[in-house]
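One letter stands for each residue in the lines below.
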Amino acid sequence: MTPQPSHPQAGAAVKAADRAHVFHSWSAQELIDPLAIAGAEGSYFWDYDGKRYLDFTSGLVFANVGYQHPKIVAAIQEQAATLTTFAPAFAVEARSEAARLIARKTPGDLDKIFFTNGGAEAVENATRMARLHTGRPKVLSAYRSYHGATATAINLTGDPRRWPNDTASAGVVHFWAPYLYRSPFHAETEAQECERALTHLADTIAFEGPATIAAIILETIPGTAGIMIPPPGYLEGVRALCDEYGIVFVLDEVMAGFGRTGEWFAADHFGVVPDLMTFAKGVNSGYVPLGGVAISEAVAETFARRPYPGGLTYSGHPLACAAAVATINVMEEEGIVEQAARIGESVLGPALRELAARHPSVGEVRGTGVFWALELVRNKETREPLVPYNASGETNAPMAAFGAAARKHGLWPFINMNRTHVVPPCTITEAEAKEGLAALDEALSVADEHTV
């Protein structure tokens, strides 16, 4: 599929209806100007003027197999013709097969799958399971994190989106996870960062009271918060602390899962098995809303004869599950996980590091697979961020200028605070990646103008 001839009137009608009736997430409604989208395919989307963009955001980091993959579209169509929907209390082929395939990929004994409509609901239910399993109220979460926008998930979240939603009564305690580039522990090496971060977490557990803590939840590799890959030994250390105190270890793989990091799950890089694992997004490339919790044998046993007090009308929706089955099969048949690893190692990683060497605005490059972040700074020596934490309006002007430059060159960037993330579909080709990197190179020249 290629962009159709320009249809500005159709685009104007879509925009007008949006502005009249759609209430957008995370936005001051009168201050936004959404782009009207006419179509998408593979790694690209385009507007009604026929302008095409290479999507370095994968939507919201969910289109892991790209847009409009014909086999997934066909699976949804086939399922719609067979059984469009059915209540979650029944055994349905698409639901059973999706659960089987997901359980086959999850690490360890995470063999039971509770389906949700998305990642936030998965986090809500994982937290509920942990609290009921342990009989304890508190959950520990990292400051630099994002876990979703529902009541518990937003309180678990560390970034500023939590602030206006924080109830101060959610039973959540935040702590500092490792982040060597801006180490809260004044560490100089990965080994120091790991040791000091684990000591800090152990102290937090001790002062909060181990017997009050139900769970520790971590994004295996934090996504929106900055794609900080944990140092060797950190996740293993968290696992050991959880085992010592009977705390449920929850890994949030909503963004990092299903090929994004060059493995089926980011946990596979570290050889760590959590007690609960949340997923969504890439499980079916976002074609139909789906998320879930993968549950260990021990936690599942808690609810063998005790009803689990949670459920969703659309849990395991047949259309969503059919899309998941097709997505997992496509990823296996087409070697998409391996493709993500290869493109990260041979194209994205080397090219991004080369850009960092040439651009004074790039303080650090970090990532794996098709999951990368560039930390933009005013000064490489002082590491002062290009814009302040949680900047908006005029204080965010340098990042706004960077984003505008990227879009001008046909690249749709993922921007959060002083970072741009390189998170294209796992299916991106080498030629497409180089096209995007060339546009990124041009946009970084604009960011360079704000360095000192």
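For the structure, check the block above.
Here's what I pulled together on the structure shown here. (Residues numbered from 1 in each chain as written. Predicted model: local features only at pLDDT ≥ 70, side-chain atom pairs only at ≥ 80, totals over all residues. Heavy atoms only, no water.)

## A look at empty space enclosed by the protein
Under the convention used in this document: A pocket here means an open set of points on a 1 Å grid, computed over the protein atoms alone, that has protein on both sides within 12 Å along at least five of seven lines. A cavity is instead a set of points where a 1.4 Å probe fits but cannot get out; residues with an atom within 4 Å of a point line either one. Grid points are joined across faces, edges and corners, and a volume is the space filled by probe spheres set on the points. Comment: elements are numbered from the N terminus, with helices defined as DSSP H or I runs of at least four residues and strands as E runs of at least two. Classes in brief: Ala, Val, Leu, Ile, Met, Phe, Trp, Tyr, Cys and Pro nonpolar; Asp, Glu, Lys and Arg charged; the others, Gly included, polar.
With the rule as written, the count across this model stands at three cavities of 30 Å³ or more. By volume, the largest cavity amounts to about 130 Å³. Considering the residues around the largest cavity, the lining is formed by 16 residues, among which Ala177, Pro178, Leu218, Glu219 and Pro222 are closest to the centre. Elements supplying a minimum of two residues to the lining of the largest cavity: strand 7 (213–219) and helix 8 (234–245). Broken down by element, the residue count for the lining of the largest cavity peaks at three residues, all from strand 7. Broken down by class, the residue content of the lining of the largest cavity amounts to eleven nonpolar, three polar and two charged.

## Topic: the packing of helix 3 (residues 70–82) against helix 10 (residues 318–333)
As a reminder, the rule being used: In this analysis, axes come from line fits to C-alpha atoms, helices being fitted only over the stretch in contact, and the angle between any two N-to-C directions falls in the range 0 to 180 degrees. Here is the rule for angles: anything less than 35 degrees is roughly parallel, anything more than 145 is roughly antiparallel, 65 through 115 is roughly perpendicular, and the remaining ranges are oblique. The hand of a helix crossing depends on one turn: near helix anticlockwise from the far one by less than a right angle means left-handed, and clockwise means right-handed. Contact criterion: two residues are considered in contact whenever any of their non-hydrogen atoms come within 4.5 Å of each other.
At a minimum axis separation of 8 Å, helix 3 and helix 10 run at an interaxial angle of 150°. One finds that helix 3 runs roughly antiparallel with respect to helix 10. Remark: the crossing between helix 3 and helix 10 carries right-handed chirality. Residues Lys71, Ile72, Ala75, Ile76, Gln79 and Ala80 of helix 3 form the contact with helix 10, whose participating residues are Pro318, Leu319, Ala322, Ala323, Ala326, Thr327, Val330 and Glu333. Tallied by class, residues from the contact of helix 3 with helix 10 come to ten nonpolar, two polar and two charged.

## Comments concerning the sheet that holds strand 8 (residues 248–252)
To be explicit about the condition: Two strands qualify as a pair provided that DSSP identifies no fewer than 2 bridges between them.
Spatial ordering of the open sheet is given by 4-10-9-8-7-5-6, a layout of seven strands whose pairing is mixed. Both outer strands of the open sheet, strand 4 (112–116) and strand 6 (172–175), are each paired with one neighbouring strand and no more. For this sheet the average axis-to-axis angle between neighbouring strands, irrespective of direction, equals 20°. In the packing of helix 5 (residues 119–134) onto the sheet, contacts are made with strand 4, strand 5 (138–142), strand 7, strand 8, strand 9 (276–279) and strand 10 (291–295), and the angle to strand 9 comes to roughly 165°.

## Quick notes on the layout of surface pockets
Roughly 450 Å³ of volume is contained in the second largest pocket. Lining the second largest pocket we find 22 residues, and of these Arg95, Lys112, Ile113, Phe114 and Phe115 sit closest to its centre. Within the residue set of the lining of the second largest pocket, elements represented by two or more residues are helix 4 (93–105), strand 4 and helix 9 (297–302). It is helix 4 that contributes the most residues to the lining of the second largest pocket, five residues altogether. A breakdown of the residues in the lining of the second largest pocket according to their chemical character gives 16 nonpolar, two polar and four charged.

## Description of the packing of aromatic side chains
Definition in use: What counts as a ring pair is set by centres within 6.5 Å for rings of Phe, Tyr and Trp (its six-membered ring), and what kind of pair is set by the plane angle: stacked under 30 degrees, edge-to-face over 60, tilted for all other angles. Three labels apply to residues, based on accessible area from a 1.4 Å probe with only protein chains included: buried if under 20% of the type maximum, exposed if over 50%, partly exposed otherwise in between. Only lysine NZ and arginine CZ atoms are considered, and such an atom sits over a ring when it is within 6 Å of the ring centre and within 35 degrees of the ring normal.
On inspection of all chains with the given rule, the structure shows twelve aromatic pairs. Consider the rings of Phe114 and Tyr308, whose centres lie 5.6 Å apart with planes at 75°: the pair is edge-to-face. Of the two residues, Phe114 sits in strand 4 while Tyr308 sits in the loop between helix 9 and helix 10, which places them 194 residues apart along the sequence. Of the two residues, Phe114 and Tyr308, both sit in the buried class. Geometrically, the ring pair formed by Tyr143 and Trp176 is tilted, given 4.7 Å between the ring centres and 35° between the ring planes. A residue pair is termed long-range when its members are at least 10 positions apart, and Tyr143 in the loop between strand 5 and helix 6 (151–156) and Trp176 in the loop between strand 6 and helix 7 (190–208) qualify at 33 residues. Connected via pairs of aromatic rings, a cluster forms that spans Phe258, Trp264, Phe265 and Phe279. Its end group placed over the ring of Tyr44, Arg52 keeps NZ or CZ at 3.8 Å from the ring centre.

## Considerations on the side chain of His317
In this structure, His317 sits in the loop between helix 9 and helix 10. Beyond its immediate sequence surroundings of up to four residues, His317 is in contact with Thr84 and Thr85.

## Some details on the pattern of salt bridges
Stated precisely, the cut-off is as follows: Note on definitions: salt bridges are taken to be side-chain nitrogens of Lys or Arg within 4 Å of carboxyl oxygens of Asp or Glu.
This structure, assessed with the given rule, holds 18 salt bridges. Between Arg19 and Asp18 there is a salt bridge whose closest N-O contact spans 3.0 Å. For Arg19, a relative accessible area of 30% puts it in the partly exposed group. When its relative accessible area of 15% is taken as the criterion, Asp18 is described as buried. One salt bridge connects Arg378 with Glu384, and the closest N-O pair in it is separated by 3.3 Å. Taking the relative accessible area as the measure of exposure, Arg378 reaches 27% and is therefore partly exposed. Taken together, the shared-partner salt bridges in this structure form one network comprising Arg182, Glu364, Arg366 and Glu375.

## Comments concerning the environment of Ala401
Among the secondary structure elements, Ala401 is positioned in helix 12 (residues 397–408). Sequence separation between Ala401 and Ala87 is 314 residues; the distance between their C-alpha atoms is 48 Å. Residues contacting Ala401, with those up to four places away along its chain left out, are Val446 and His450.

## Side note on the sheet that holds strand 14 (residues 411–412)
Taken in spatial order, the four strands make up an open sheet running 1-2-3-14, and their pairing is mixed. Either end of the sheet is taken by a strand with one partner, and the two such strands are strand 1 (37–41) and strand 14. Where strand 3 (residues 52–55) meets strand 14, two bridges bridge the pair, whose relative direction is parallel. Looking at strand 14, one finds that Leu54 is bridged to Leu411.

Function cannot be inferred from these measures alone, as they are strictly geometric.
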